[in-house]
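Architecture and fold: a report
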Amino acid sequence: MSGTSGNNFPQRQYPSNLIDPFDDSETVETSQSTDNLSVPQAAAIPSFRPYFSSDNTSFDPYFNDSTEDDEEQVPLYSESSGLTRQITNMSEANLPLTDNISPTASVGIGEHTFLGKTEMSSGDDNPTSGGERIIYINKPNTQQKFLHNRISTTKYNFFTFLPKFLYEQFSKYANMFFLFTACIQQIPYVSPTNPFTTLGTLIVVLTATAFKEILEDYKRHRSDSEVNQRKCKYLDIAAEAFILKEWNQVNVGDIVRVESGEFFPADLILLSSSEPEGLCYIETSNLDGETNLKIKQATNDTAYLTNPSKTSSLTGYIKSETPNNTLYTYDGLLEMDGQDGRKRVPLDPTQLLLRGAQLRNTSWVYGIVIFTGHETKLMRNATATPIKRTSVEKMVNVQIIFLFVILLTMSLACSIGSAVRAMRYSGEMSYIPLTNTNIVTQFLFNILTFIILFNNLIPISLIVTMEVVKFQQALLINDDLDMYYEKTDTPALCRTSSLVEELGQIEYIFSDKTGTLTCNEMEFKQCSIAGLAYADNVEEAKRARIVDGVEVGFHDFKQLRENIRNHPTGNVINEFLSLLSICHTVIPERKDDNPANIIYQASSPDEGALVKGASLLDYVFTTRRPKSVNVRINGVDYEYEILSICEFNSTRKRMSTVVRGPDGKITLYCKGADTVILERLSDDNPFVEQTLQHLEEYATEGLRTLCIAMREVSEEEYRVWSTVYEKASTTLVNRSEELDKAAEMIEKDLFLLGATAIEDKLQDGVPETIHTLQQAGIKIWVLTGDRQETAINIGLSCKLINEEMSLITVNEESHWETKEFLEKRIHSVKGRVNPETEPLALVIDGRTLGFALEKEIEGTFLELATMCKAVICCRVSPLQKALVVKLVKRHLKAILLAIGDGANDVPMIQAAHVGVGISGLEGMQAARSADVSISQFRYLKKLLLVHGAWSYQRLSKLILYSFYKNITLYMTQFWYAFQNGFSGQVIYESWTITYYNVLFTVLPPIVMGVFDQYVSARMLDRYPQLYSLGQKSEFFNVKNFWGWALNAFFHSLILYLLSIYVFQYGLVLTDGQLADHWFWGTALYTAVLATVLGKAALITDLWTKYTYIAIPGSFIFWMVFIFVYGMVAPRFKVSEEYDGVIPKLFTSPIFYLFILVVPVICLLRDYVWKYVKRMYYARAYHTIQEIQKFNIPDYRPRMEQFQKAIRKVRAVQRLRKSRGFAFSQNESGQEARLIRVYDTTLSKPKG
């Protein structure tokens, strides 16, 4: 239903003992108190019914009688009230953006709810009652403790950090395992290693992770502080003046002054404004994505408070509903003291100014604070910062469980072997005291011993290494100059480094439109007048010329000015530009410091652009009075009398103004969508064909188009029509329909002047970015609060929808119609012979989406949506955005990214696996709540295709290598157990084992994780199809993980067997002595280190100076370290096993030969496998690596030019088959009345 469909319903008068069947709040309240009362069921409940007071002067555009629950699935039938409930969604001007309306929240003692208005019964003088809050005006509010106005979006605070952090860390199975290992190491005579090796390492890991978490959360805290410390003006009663104070110092009951362009610091009740009758305009794009401005109006009883002195004298209180999350419903009562005693004034959403909205086109407003901080409606809709975990982390957790099972199996096997040895061979080992030991007790202790011995099969260093690498990857994103926006001095900012690898696995992007894809800037770019095309900037190749006797191309606006004076079409041009400067609802304003500069205040951005465009062509709209407007044409002022206005609505798709010109003639000016203008033209219209051709060209460029027409009206015709129109405007039944019928009578036989083309300016690079992301296999869904036509037009201009796609538009009115339509569409789509030749795009409005998200239909809707290459959901609420994301997240095993720039996008951003916020003009709410913030949509391409792809591949390699190196070392302990009688004896000195992960193998995975590139950024951008490697989890999956694990088992076995072969009988040294156990253990340790470092060298794609430091450097460091440490440590009673070993080791040629030959034998298989894979089973990125290495040229651009030409031809063919052009206009239903109260020749109050 459009926002004007019910504008003419009068206030229904019901006796107090009857129920209004259209008022949910009253029926629910009654059903709760009278269980046995039979409630009549309404046959058809309108989704929107505005409110008119009894005198038809107070209009409530926000009154609605539809309620929704906060749950994802809402029943269509309410048992409590017996009323059928409709689930619907529209914009702020008609329905609330969140569900969960509490109809009884504002009903207190002595009150009753009547058609959305809250009134006080005459016998109640006690302001305090339950279920409400009392706010005293210009008095201290000490009777109730209200919340402060500070907001916090941080993940932790001082008290919650430790429990939250520990819970998050020990939900990782690796940390739980190491905690368990550290505990059993403290049991005497159980641990074969130092009891503090695991505990110390775990503390270091947790400390490093905690530091990273604190650092990231501090950034959120700092962003919150910036908001909390913003300045606003509040009324100091004693001084009778407004003084500055910070937002966080604002209290409930304060009267604040907000000026144009400022955001509201809290939820306010509008008292007065600089505009007539207490009107003001607000922009809610930060809340609902709507670029059209919303109109708010103070009550007549407070509109006179236009200076601090008058406002300071106001006394009384506001009886308000309690804080809730319904953005656009409100019930309250203002009791104010006056000369005639206490006066009761009902308050409704018309006076509600929400935190997060911005004051526009209004010099100033006064408002009294009713909700602050986290009790504001915006913050009540916010959710706590969720703890997100990546799919890679989850898979690592699962594989750790399997490794733990293997570790337990190995420990159990070794314990069984030890028990068998003790029982069968104890007599042969009299030198070991086994006879007095309990076998069962010893068996259990042995299990713990072997768990400790093999515990590093699961690398304890992995967690901290991943955290360090992710943190560095986040810094690389932050420091990328390609994602730095110089205009606003805004770099990219990765707020949650733990999610960087998921940037390389995104399959679905859910994007807002307003401020994310577009700039919120409308520009009058082109127009067609009398069959000639004009543009502000014309390329030389497109300039007008004669081809085969027909004029083609564009004239510039300079030529347009000349044509007005000396071209045969000059009269048409004059009427065209006059229409643009007269037929609108724009208000002109002048600043005192610069009266010559006119600022146009428009509720519709399209109208503002048209009026500005006309002014640039010397048709300057200068003055608006209640019954006339002034236009300065070429320096001469002309006054036009406004006789009647036929307003725009989504059904009419046009607006008309009847004016009397300076020559006394009456003219009808009409502008609207081509589909409605063309069918109302007279037979004699010479410019139709040329105009349609121009419209097709504009539409292919994604411009918003509008047809311009007129007709002269005789005095007699207007006299007759005005009588009909006046009667329709005062009727009490079906007023909107009657007004439409009246407009039809005069909007006929029009003469087509031409068409306009407005650019809803896209952010730079948006079409190219979307095209590239689609090439990368990413499906893009646009979720917007804007109108359907506007959303489709933007979809075309940003190349989300292209000429090859078939549009599926879903606009149904009920649950069953939606279900039937979706099922039929799925059947027809599945029946296509070749679906690849004609991709699909789905367009669904918010009302139908409400039905589609119900449990019974959601699977069908998702099935159809996933068959489409692009999806556009328009007129959706913030909650619906989150529900769509959750639906896909719940049913598909895909990684989702949500991107937006307003507070209305926060639920969607937090629901997705990865949230990206645009640091744009709509505030920083989305950016603060997101995991990554960027300043332009186009930066998403590099963020995903380059940084994301690198991060995923690097993290995959890091994880696989970390497990490999630990398994390779610690499995040699298992093989040794079969030779040492399962005694738990270790091969290596215990501190050397600890240093393995901390010192000698720590750099290779870090360097690979930070600097490695499997292909360059240029290649990833040129070949976006490589991104599919991450989507398919090609680099890290179960198969890869266990392939690396088996390779590690193989390497450990080869290393152990070869070492046994060399050292099994002891090694005779040059001085005749035999090399002992620790000589062999140190040699084997060195060979293992050389092998794992060699493996790192084999898998490294990009060698930098850091790579040389990490791989060869680590081995050199080990050789120096063991020489110094082995000589010095035993003297301090540390690592005494090395006493006397080092001199023998470093003088043995066998040792050097062993550490050179054995690693080569181990890695020979890996090298051969790598060669075979690249030569005979090459993957896509192998080919790209060759292209990069040999700098092979790419000839694809020529083909792309050819394909672009084909697409343009197809675009024109498609648009001729199905043409629908967008026209964005405010349809609040009260524009005509509002502009009648303006007189811009009068000075406004200063406030």
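These remarks concern the structure in this document. What you see is a predicted model; the values in this text were computed from it and never measured.

Cut-offs applied
Residues numbered from 1 in each chain as written. Predicted model: local features only at pLDDT ≥ 70, side-chain atom pairs only at ≥ 80, totals over all residues. Heavy atoms only, no water. Helix = DSSP H or I, 4+ residues; strand = E, 2+ residues; numbered from the N terminus. Buried < 20%, exposed > 50% of the residue type's maximum accessible area, 1.4 Å probe, protein only. Contact = heavy atoms within 4.5 Å. Arc of directions from axis to C-beta. Pairing = 2+ DSSP bridges. Axes fitted to C-alpha atoms, helices over the stretch in contact; angles between N-to-C directions. Polar contact = N/O pair within 3.5 Å; in protein donor to acceptor, adjacent residues only side chain to side chain. Phe/Tyr/Trp six-rings, centres within 6.5 Å; stacked < 30°, edge-to-face > 60°. Lys NZ or Arg CZ within 6 Å of the ring centre and 35° of its normal.

In terms of helices and strands, the protein carries 39 helices and 40 strands. Going through the 1247 residues of the protein one by one, you find that 59% of them count as buried. For the protein, long-range pairs separated by at least 24 residues make up 75% of all intrachain contacts whose partners lie at least 6 apart in sequence.

The subject of this paragraph is helix 2 (residues 161-169). By the burial criterion, the buried members of helix 2 are F161, F165, E168 and Q169. Buried residues of helix 2 fall within an arc of 95° about the axis and therefore sit on the same side. Among the exposed residues of helix 2, those oriented more than 90 degrees off its buried face are P163 and Y167.

Taking strand neighbours across the sheet as the criterion, the 4 strands line up as 5-12-13-14 in an open arrangement whose pairing is antiparallel. A single partner strand is all that each edge strand has here, and the edge strands are strand 5 (132-137) and strand 14 (341-347). Recorded for the sheet is a direction-independent mean angle of 20° between the axes of neighbouring strands. Two strands pair when backbone bridges link them, and strand 5 and strand 12 (residues 316-321) are joined in this way by 6 bridges, in the antiparallel orientation. Along strand 12, the bridge assignment pairs E132 with E321.

For the rest of this paragraph, the subject is the side chain of H1182. Considering the arrangement of structural elements, one finds H1182 in helix 37 (residues 1180-1190). Reaching out from H1182, the side chain makes a polar contact with the side chain of Y1181 at a distance of 3.4 Å.

Okay, unusual backbone geometry next. Most peptide bonds take the trans configuration, and most residues that are not glycine carry a negative phi. The backbone phi angle of N634 is positive, close to 55°, even though this residue is not glycine. For N634, a relative accessible area of 48% gives the class partly exposed. A positive phi angle, close to 60°, is found at K1133, a residue other than glycine. Inspection of the secondary structure assignment puts K1133 in the loop between helix 34 (1112-1128) and helix 35 (1141-1146).

Moving on, we get to the sheet that holds strand 37 (residues 870-874). Judged by pairing direction, the sheet is mixed, and its 9 strands sit side by side in the order 18-40-39-38-19-34-37-36-35 without closing on themselves. Looking along the sheet, the strands with just one partner apiece sit at the ends: strand 18 (493-494) and strand 35 (806-810). Both strand 18 and strand 40 (residues 932-934) contribute to a ladder of 2 bridges, which runs antiparallel. When the bridges of strand 40 are listed, C494 appears paired with V932. Contacts between helix 19 (residues 788-797) and the sheet are confined to strand 35, strand 36 (840-845) and strand 37, with strand 37 contributing the most and set at about 150° to the helix.

So, about the packing of aromatic side chains. As enumerated under the stated definition, the model contains 50 aromatic pairs in all. Seen in terms of ring centroids, F1035 and Y1181 are 5.5 Å apart; in terms of plane orientation they differ by 65°. Their pairing is edge-to-face. Taken as a pair, F1035 in the loop between helix 30 (1028-1031) and helix 31 (1038-1063) and Y1181 in helix 37 lie far apart in primary sequence, 146 residues in all. Like F1035, the residue Y1181 is buried in the burial classification. Taken together, the ring pairs in this structure connect Y970, Y988, W991, Y995, Y996, F1000, Y1085, F1117, W1118, F1121, Y1125 and Y1138 into an aromatic cluster. One residue, K1095, lies across the ring of W1044, its end atom 4.9 Å from the ring centre.

Turning our eyes to something else, we now look at the environment of K296. Along the polypeptide, K296 turns up in strand 11 (residues 294-297). Residue classification places K296 among the buried residues on the basis of a relative accessible area of 2%. Distance from K296 to Q351, taken between C-alpha atoms, is 5.9 Å for residues 55 residues apart in sequence. Reaching out from K296, the side chain makes a polar contact with the backbone oxygen of L352 at a distance of 3.3 Å.

Function cannot be inferred from these measures alone, as they are strictly geometric.
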